Amino acid sequence: MIEVDVLGVPAAAAGSECPAANGEARPQVPGEREIRRLCALAAGAAGLRDGHLAVEFVDERRIAELNERYRALAEPTDVLSFPVDGTEASHGARELGDVMICLAHTAEVREAIVHGVLHLVGMDHETDDGEMLALQRELLTGSAVDA
């Protein structure tokens, strides 16, 4: 089973639209059950059935700090992933890592969740031939039907 800790969802954002940095409404933030389902869906697409990860919603200041520290980009972004155990096969459940999402810079929260988890399982759209983003679209299209 994929275990997911969900942290930092602003009470006003859960199950509702939340304002972006520019004042525009953002898509609905899924509830914890849906967040967990999306994480399991993305991990399962990579063949993982057991593991643990966290999805944390952070503000612009925090995501900018992380982006600068780990990617040398001094600006906020939508989603960052921090893998822990790597992508090698292991016995038992793996500690997959953390997905950090900044709602003020996220156009589609479900997409950010799936995108972040696909990075945790070793996929990288910056180095592949489009496989990660194609899988992401496939998962989200099927996910919308299943939700």
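Residues numbered from 1 in each chain as written. Predicted model: local features only at pLDDT ≥ 70, side-chain atom pairs only at ≥ 80, totals over all residues. Heavy atoms only, no water.

Caption draft 1: Representation of the overall build of the protein chain in the model. Per the secondary structure count, the protein chain includes four helices and four strands. Its helices and strands in sequence order give the protein chain the pattern β-α-β-α-β-β-α-α, from N to C terminus. Within the protein chain, the fraction of its 147 residues that count as buried is 41%. Nonlocal contacts in the protein chain, meaning residues at least 24 apart in sequence, comprise 60% of its contacts between residues at least 6 apart. (Helix = DSSP H or I, 4+ residues; strand = E, 2+ residues; numbered from the N terminus. Buried < 20%, exposed > 50% of the residue type's maximum accessible area, 1.4 Å probe, protein only. Contact = heavy atoms within 4.5 Å.)

Caption draft 2: Spatial organisation of the environment of G8. Within the secondary structure layout, G8 lies in the loop between β1 (2-7) and α1 (32-45). Between the alpha carbons of G8 and I101 there is a distance of 9.7 Å; along the sequence they are 93 residues apart.

Caption draft 3: Quick look at the pairing of strand β2 (residues 51-58). Counting buried residues in β2 gives seven out of eight residues, a clear majority hidden from the surface. Where β1 lies against β2, six bridges are found, and the strand directions are parallel. Note on β2: the bridge partner recorded for I2 is G51. Inspection of the sheet shows β2 paired to strand β4 (residues 94-102) by eight bridges, in the parallel sense. (Pairing = 2+ DSSP bridges.)

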